[in-house]
Amino acid sequence: MSSHHHLVIITGANRGFGASVAHSYVANSGADTVSFVLVGRNQQGLDSVLTSLRKLTSENNVAVKGAIVGDVDLADMERLDNNLVRIQAAVTELRNESIQSKNVISKSVLINNAGSIGDLSKTAKEMTWQETRAYLDFNVVSFVGLTSAFLKDTLGAYPKEQYPGHKTAIVSISSLLAVQPFSNWSLYAAGKAARDRFLGVIALEEKANNVKTLNYAPGPLNNDMQADVRRTLGDKEQLEIYDGMHKSGSLVNMDDSSRKLVLLLKNDEYTTGGHIDFYDE
Ligand code: NDP
């Protein structure tokens, strides 16, 4: 029986940092088998990520299994319950498969990666409560919904008495903005701070249940979201900094940052409930 079979759920796994985390997980987690549940809006993108993950199998000596849960718009509150059920069904199927193949899952990981920047052209006084509500629905409310459902389901599937070795990890892809305010980022900063605190509370509540949580700030990444920031940010001073970083090639490479996250999870030495930045140490 393998002792390193990880179940890994990633939201927004079709592109950007989410796809990079999935690839780094195969290469760096130390798992013998990874069962992915890739969640997002874009079915085609998720399919092609899963195909490329499967190609990493022999190179890294890791078995890759996976399920896609596509057409999941985490901003759509009307469909959130239904989507949570669909995600849970995919997880249950992979768990059942792991029992049948006698390769029981030893670690369950949820990576809350999907996110949006909001309207960075505005300062706080220009925000409407309606856009605030829509922003927080996606970036905080659906995050709480998925995290709570995952936790309840996982603890139910692996009771401590029966599975004393099973570990659970919950990650929020966070930001420097969670711990430091900058102009024009009001909703983004508020959302990331709320997520950090939510996982901080879970860390305390579930300490005795082999559950750890981590808020990981990946650094300013060289990707689509940063391009959106450069296009829309209303604050000139910051814009110059981001433009400069882009031009000088000093934005963070996504794979370098996702590798750091996966190694943190693997080595398991981080303080549960804490906030770790790519630039730390
Ligand atoms: P991208 O904009 O490149 O990707 C965002 C991801 O979230 C995509 O997979 C996107 O899917 C998904 N997503 C967006 N809206 C929804 C929705 N309504 N429902 C479901 N999925 C959705 O950003 P990154 O890859 O950079 O962002 C990943 C995380 O990293 C975010 O939480 C972000 O805040 C954080 N981060 C990013 C930094 C950066 O510099 N880029 C810096 C610090 C933190 P789709 O393809 O369907 O749009």
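Up top you'll find the structure we're talking about.
Residues numbered from 1 in each chain as written. Predicted model: local features only at pLDDT ≥ 70, side-chain atom pairs only at ≥ 80, totals over all residues. Heavy atoms only, no water.

Chemist: Is there a simple way to think about the pairing of strand β2 (residues 33–39) in this case?
Modeler: Each regular strand carries side chains that alternate between the two faces of the sheet. With seven of seven residues buried, β2 is to be regarded as a mostly interior element. With helix α1 (residues 16–28) bridging strand β1 (residues 5–11) and the parallel β2, this β-α-β connection has right-handed handedness. As paired elements, β2 and strand β3 (residues 63–69) share seven bridges and run parallel to each other. From the neighbouring strand, Phe 36 faces β3, where its bridge partner is Gly 66. (Buried < 20%, exposed > 50% of the residue type's maximum accessible area, 1.4 Å probe, protein only. Helix = DSSP H or I, 4+ residues; strand = E, 2+ residues; numbered from the N terminus. Right-handed = clockwise from strand over helix to strand, strands pointing away. Pairing = 2+ DSSP bridges.)

Chemist: What's the story with the site of the ligand in this structure? I'm lost.
Modeler: Residues in contact with the ligand amount to 26 residues; listed here are only the nearest, Asn 14, Arg 15, Arg 41, Tyr 188 and Asn 223. Between the ligand and Asp 73, the relevant distance is 2.8 Å, taken from a nitrogen atom to a side-chain nitrogen or oxygen of the residue. Asn 113 has a polar backbone atom sitting 2.7 Å from an oxygen atom of the ligand. When the ligand sits alone it has 900 Å² of accessible area, and the protein chains cover 92% of it. Its atoms largely coinciding with the cavity grid, the ligand occupies the largest pocket. Elements supplying a minimum of two residues to the shell around the ligand: α1, α6 (186–205) and α7 (224–232). The biggest single contributor to the shell around the ligand is α7, with three residues. (Near = heavy atom within 4 Å. Polar contact = N/O pair within 3.5 Å; in protein donor to acceptor, adjacent residues only side chain to side chain. Areas by Shrake-Rupley, 256 points an atom, 1.4 Å probe, with all protein chains shown as cover. 1 Å grid on protein atoms, 1.4 Å probe; cavity = no way out; pocket = protein on both sides within 12 Å on 5 of 7 lines; lining within 4 Å. Sits in = over half its atoms within 2 Å of the grid points.)

Chemist: Please explain α6 as it appears in this structure.
Modeler: Spacing of three or four residues puts side chains on the same side of an α-helix, whose turn is 3.6 residues. Taking 1.5 Å of rise per residue, 20 residues should cover 28 Å, and α6 covers 29 Å from first to last C-alpha, within 8% of that figure. Residues of α6 that are buried: Leu 187, Tyr 188, Ala 189, Gly 191, Lys 192, Arg 195, Asp 196, Leu 199, Gly 200, Ile 202 and Ala 203. Those residues of α6 that are buried are in contact with β4 (107–112), α5 (129–157), β5 (167–173), β6 (211–217) and β7 (274–277). (Expected span 1.5 Å × (residues − 1). Contact = heavy atoms within 4.5 Å.)

Chemist: Whenever I open this one, the packing of α1 against helix α2 (residues 43–55) confuses me. Can you help?
Modeler: Two quantities define a packed helix pair, namely the angle between the axes and the distance from one axis to the other. The contact between α1 and α2 brings their axes to 10 Å, and the two run at 20°. Taken together, α1 and α2 sit at an angle that is classed as roughly parallel. Helix-helix and strand crossings are classified by hand; for α1 and α2 the assignment is right-handed. Here α1 contributes Ala 19, Ala 22, His 23 and Val 26 to the contact with α2, which in turn contributes Val 49, Ser 52 and Leu 53. Grouping the amino acids of the contact of α1 with α2 by side-chain chemistry returns five nonpolar, two polar and no charged. (Axes fitted to C-alpha atoms, helices over the stretch in contact; angles between N-to-C directions. Parallel < 35°, antiparallel > 145°, perpendicular 65-115°, else oblique. Left-handed = near helix turned anticlockwise from the far one by under 90°. Nonpolar A, V, L, I, M, F, W, Y, C, P; charged D, E, K, R; others polar.)

Chemist: Help me out: how do you make sense of a nonpolar patch on the surface in this one?
Modeler: Together, Leu 176, Val 179 and Phe 182 make up an exposed nonpolar region whose accessible area comes to about 240 Å². Turning to its location among the elements, Val 179 is positioned in the loop between β5 and α6. (Patch = residues over 30% accessible without salt bridge, like charges linked within 9 Å, V, L, I, M, F, W, Y side chains within 5 Å. Salt bridge = Lys/Arg side-chain N within 4 Å of Asp/Glu carboxyl O.)

Chemist: Honestly, empty space enclosed by the protein in this entry has me stumped. Any pointers?
Modeler: To find leftover empty space, one rolls a probe the size of a water molecule over the atoms. Following the criterion strictly, the structure yields two cavities of 30 Å³ or more and no others. When its volume is computed, the largest cavity comes out at roughly 80 Å³. Around the largest cavity sit Ile 9, Leu 84, Ile 87, Gln 88, Val 91, Leu 146, Ala 149, Phe 150 and Asp 153, which together line it. Elements represented by at least two residues in the lining of the largest cavity include exactly α4 (80–100) and α5. (Points joined across faces, edges and corners; volume = space filled by probe spheres on them.)

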